[in-house]
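# Working through the structure, step by step
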Amino acid sequence: MPTLTKSKTTEPLVSDGGNGFDGSWGNGDGRDDDNQRDPERTPPESYRIGIRLTLISVAMLFLALTSGYIFNRAKNHPLIMPPVLWLSTALIIVSSGTIEVARRALRRRSESGFKIWISVTMALGLGFLASQLTAWHYLVESGFYINKNFHSGYAYLFTGLHGVHLIGGLIALAYVTLRAPEKWTVVRKRVTVDATALYWHFLDGLWIYLLGLLFFWK
Amino acid sequence: MTAPPGFIRKYIFSLDHKVIGVQYFFLALAAALIGMLMSLLIRLRLAWPQKRWPWLELIFPQGFRDGLMQPEFYLAMVTMHGTLMIFMVLTVAPQSAFGNYFLPIQLGTREMAFPVINLSSFWMTFLSLGVLIAALFVEGGAPIGGWTFYPPLSAVPSAGPGQGPGADLWLVSIGIFCFASFLGSINMIVTTLRRRTKGMSLLRMPLTCWGWFTTAMIALLSFPILFAAALMLLADRHLGTSFFNPGGLSFSGRPIAGDGGSPLLWQHLFWFFGHPEVYLAILPGMGVVSHILANFARKPVFGYRAMVLAMLAIGVFGFLIWGHHMFISGMNPRIAIAFSMLTLVIGVPSAIKTFNWLGTLWGASLHLTTPMLFAIGFISLFISGGLTGLVLGQTALDMVFHDTYFVTGHFHLIMGVAAVFGIFAATYYWFPKMFARMMNEQLGKLHFWLTFIGVYTIFVPFHVLGIAGHPRRYADTLKYEYLRSLDSLHVLITIAAFVTVAAQLIFLINFFRSLFADQRAADNPWDGTTLEWFTATPPVRDNFSGKMPVVYREPYEYSVPGAARDFLMQTEP
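## A closer look at the overall build of chain B
When helices and strands are counted, chain B shows 17 helices and 4 strands. Taken over C-alpha atoms, the radius of gyration comes to 24 Å for chain B, in line with the 25 Å a tight globule of 573 residues would show. In chain B, which comprises 573 residues, the share counted as buried stands at 55%. When contacts within chain B are restricted to residue pairs at least 6 apart in sequence, long-range pairs at least 24 apart make up 80% of them.

Shown next, in the form of structure tokens:
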């Protein structure tokens, strides 16, 4: 079976307005099909749609909890906001910025730039998780256990689920950074990074939403 | 050249969508057999509540005291029967088993979009089944609150046998299942959108593909809700939250912690998932029925585009009607009117599909093979079950029928039989392609008739019971005066159930014997037009031996005037 050549010099630079999605849902003209030799490889466009579908599903999960939050009238119960959450917010917003820088560096073929900024993003992500744990600790110390009232209960569930999804994002980032360049094509790597970056931006936006829902909606 | 894959890589941890499809199929089959045995135990109790079964006590020492089936055991069987059948059979077999196997082939591509995710999804489902079965073996046994798992009963671990570790395992199993389904749905949607061969536009896809596609979209949106609910319930059970626990409860005199929560919240979350779930169970079957009807009526499906739109409409409207499971919860009557009207509105696309099936059959020269019989049987059962759904969708009537056997009769006809007939039809139809052998036609017909008559004999009396006011999930109804005269119906149903389950042995014998038959099947034994009949039998690893098919035609070009044969394959220019 002939193997796919992975020559970097012959890969065309895709000029596609930012994240590569050409807007095509496929119309059966054969251009969108995998006509590759190896049945166990995935063409890049699938990743773009796949990640958007994932985000829809994750959004439904948080929507379900939000509806519970409203139904249980959680905001009427007291809850304090751990001040470290401002740091969390800053960390995740900056990490969205750094992942964007990393993504664009990769697009410009700057492998070293990509590696540096992805590592910064991962560090910021880990910092975010650490600050979340600090926030939890603060809440516990202040007597706001998960079962103190609805507001605290939902706070732990929301931030916990968000954190778990963030850990998933960190694993994706590690994978994208550490996988040897010769194991995948430039285009495939780029699309994977695009997908991970979108996921990361989503988690950032989700965090802002959760902050607002839990602490600013009175 | 890479070395050929070893046994484990080829059959256990395979990335081949066909192998994964077959794995899902056998998972569903195993779950169905266990679920059927549980249903027989349920029937034993209902027909003869005070009878002693010493030999059953040997198998279930705690479920049977002095040979008498304990009510908790009965309820555990009810719960596990429902859970196994709805999740592990009806959500798995039509969508994950046949969908994974045939979607790529019918689209003309070599593999699903994400093979590794496909593999993970199956093994996660397998794990989920294992955890669910484990609930039968922990202290206290399986949970007893019904597959709907309503709190406060389900939120209090000490509330009864099975509500302890058994309920936790149930919740964990469901959580894993939700995640596995989510992964599977991503795969199906992306494959349908991005992996169609040249010439296969969306409106040239077989209706089976539309069924799987719509179902995947439903799964994507509904399973996260169940996951959230299960997470919150686990928190209520073990972390002291009270999302679902109102205050002031006590159990056997002991007060239960919890304050201010709402059992209604669980119902809303559960049914917001639960109603789309039932459409998830039936839509692939609808696609398969359309597909098979066209094949054996030698006619195109009547109103292909309407069929597509109807499926999409059912998918959309299915999300708007969850409240009809909660009519007696004391909801605002205006909201009830909205839910009721929307429930009846779903009858419209369903009716469109039914009339189009009849239109496909009208004037056709029917080849009444076993898959065709099951497909026509599906229509009959869908009409029966669907009509009683319209009855239940009316709030005033549901006030009487909620939690009676009328509801049980309704959903068994439509899920427990129509959807299952869809699975049988698909099995008989695609068996030659999957396993390169034909199933025995005589045994198949015998299986069909016994099952068809059997299920009507079982489930029509359910409606009679329901109208008489017979409640659901009661371990012993014969101690109530007004129900005592119904015991002969219970005996009839139970005998019919045993006969019908026995008839399934015919299917099993046919299935397993045919697997090892000598005579190989042809590539296109049914003279079908769609791409799965274009492949080798069984299909090779990349489905089309390196030559991706080009599609020139609509999917159901049967009996085209002027054509040399009575069918034109999609690949013929």
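## Notes on the overall build of chain A
Looking only at helices and strands, one finds 5 helices and 0 strands in chain A. Among the 218 residues that make up chain A, the fraction classed as buried is 37%. Contacts in chain A between residues at least 24 apart in sequence constitute 82% of all its contacts with a sequence separation of at least 6.

## Focus on the packing of helix H1 (residues 44-71) of chain A against helix H8 (residues 207-238) of chain B
One way to put it is that H1 of chain A packs onto H8 of chain B with a least axis distance of 8 Å and a crossing angle of 45°. When the axes of H1 of chain A and H8 of chain B are compared, the pair comes out oblique. The way H1 of chain A lies across H8 of chain B gives a crossing that is right-handed. Contacts between H1 of chain A and H8 of chain B involve Leu53, Ile56, Ser57, Met60, Leu61, Ala64, Leu65 and Gly68 of chain A from the first element and Leu220, Leu221, Pro224, Ile225, Phe227, Ala228, Ala229 and Met232 of chain B from the second. Across the contact of H1 of chain A with H8 of chain B, the residue classes tally to 14 nonpolar, 2 polar and no charged.

## Quick notes on the environment of leucine 132 of chain B
Residue and element names in this part refer to chain B. On the secondary structure map, leucine 132 appears in helix H6 (residues 115-134). Distance in space between the C-alpha atoms of leucine 132 and leucine 84 is 8.3 Å, their sequence separation being 48 residues. Excluding its chain neighbours within four sequence positions, the residues that come into contact with leucine 132 are Thr83, Leu169, Trp170 and Ser173.

## Some thoughts on the nonpolar core
It is characteristic of soluble globular proteins that their nonpolar side chains tend to be buried jointly. Residues and elements named next belong to chain B. Counting residues in hydrophobic clusters, the biggest one holds 225 residues, and the most contacted among them are Ala28, Ala229 and Ala425. Among the elements that line this core, the one with the most residues is H8, at 22 residues. Every residue in contact with alanine 425, bar those within four places of it in the chain, is listed here: Val288, Val289, Ile292, Pro371, Phe374, Ala375 and Phe378.

## Overview of H1 of chain A
Between the first and last C-alpha of H1 of chain A there are 41 Å, a value that for 28 residues agrees with the 40 Å anticipated at 1.5 Å per step. Directly beyond the C-terminal end of H1 of chain A, a positive phi value near 55° is found at arginine 73 of chain A.

## A few points about the packing of helix H10 (residues 304-317) of chain B against helix H12 (residues 347-361) of chain B
Residues and elements named next belong to chain B. Running from N to C, H10 and H12 point in directions that differ by 150°, and their axes come no closer than 8 Å. Put simply, H10 runs roughly antiparallel to H12. Like other packed secondary-structure pairs, H10 and H12 cross with a definite hand, here left-handed. Along the contact surface, H10 presents Ala306, Met307, Ala310, Ala313 and Ile314, while H12 presents Pro349, Ser350, Ile352, Lys353 and Asn356. Within the contact of H10 with H12, the residues separate by chemical class into 7 nonpolar, 2 polar and 1 charged.

## Comments concerning unusual backbone geometry
Residue and element names in this part refer to chain B. Here the bond from proline 151 into proline 152 is cis, since omega is 0°, no more than 30 degrees from zero. Considering the arrangement of structural elements, one finds proline 152 in the loop between H6 and helix H7 (165-194). Threonine 537 connects to proline 538 through a cis peptide bond whose omega is -10°. One non-glycine residue, serine 252, adopts positive backbone phi at about 50°. Mapped onto the secondary structure, serine 252 falls in the loop between strand E3 (250-251) and strand E4 (254-255). Owing to 7 C-beta atoms within 10 Å, serine 252 belongs among the exposed residues under this scheme.

## Here we look at the confidence of the model for chain B
All names here are of chain B. This prediction gives chain B a mean pLDDT of 95; 99% of its residues lie at or above 70. In the model of chain B, E4 stands out as the element of lowest mean pLDDT, 80, in contrast to H10, which has the highest, 98. Here the prediction assigns the complex a pTM of 0.93, and the interface score ipTM is 0.94.

## Looking at the confidence of the model for chain A
The predicted model of chain A averages 85 in pLDDT, with 80% of residues at 70 or higher. Note on residues 1-37 of chain A: pLDDT under 50 across the span, and 49 contacts to partners over four residues away in sequence or across chains.

## Topic: the environment of isoleucine 144 of chain B
Residues and elements named next belong to chain B. Here isoleucine 144 lies in the loop between H6 and H7. You can call isoleucine 144 buried: it has 28 C-beta atoms within 10 Å. When near neighbours in sequence (up to four residues on either side) are disregarded, isoleucine 144 contacts Glu72, Leu75, Ala76, Thr79, Gly160, Gly162 and Gln163.

## What to know about helix H11 (residues 333-345) of chain B
All names here are of chain B. The end-to-end C-alpha distance of H11 is 18 Å, a good match for the 18 Å that 13 residues give at a rise of 1.5 Å each. Buried within H11 we find Ala336, Phe339, Ser340 and Thr343. For H11, the buried positions fall inside an angular range of 100° around the axis, keeping them on one side. Residues of H11 that are exposed and angled more than 90 degrees away from the buried face: Arg334 and Ile337.

Cut-offs applied
- Residues numbered from 1 in each chain as written.
- Chains lettered and ligands numbered in written order.
- Predicted model: local features only at pLDDT ≥ 70, side-chain atom pairs only at ≥ 80, totals over all residues.
- Helix = DSSP H or I, 4+ residues; strand = E, 2+ residues; numbered from the N terminus.
- Rg over C-alpha atoms; globule rule 2.2 N^0.38 Å.
- Buried ≥ 20, exposed ≤ 12 C-beta atoms within 10 Å, placed from the backbone.
- Contact = placed C-beta atoms within 7 Å.
- Axes fitted to C-alpha atoms, helices over the stretch in contact; angles between N-to-C directions.
- Parallel < 35°, antiparallel > 145°, perpendicular 65-115°, else oblique.
- Left-handed = near helix turned anticlockwise from the far one by under 90°.
- Nonpolar A, V, L, I, M, F, W, Y, C, P; charged D, E, K, R; others polar.
- Core = buried A, V, L, I, M, F, W, Y, C linked by C-beta atoms within 7 Å.
- Expected span 1.5 Å × (residues − 1).
- pLDDT = per-residue confidence, 0-100.
- Arc of directions from axis to C-beta.

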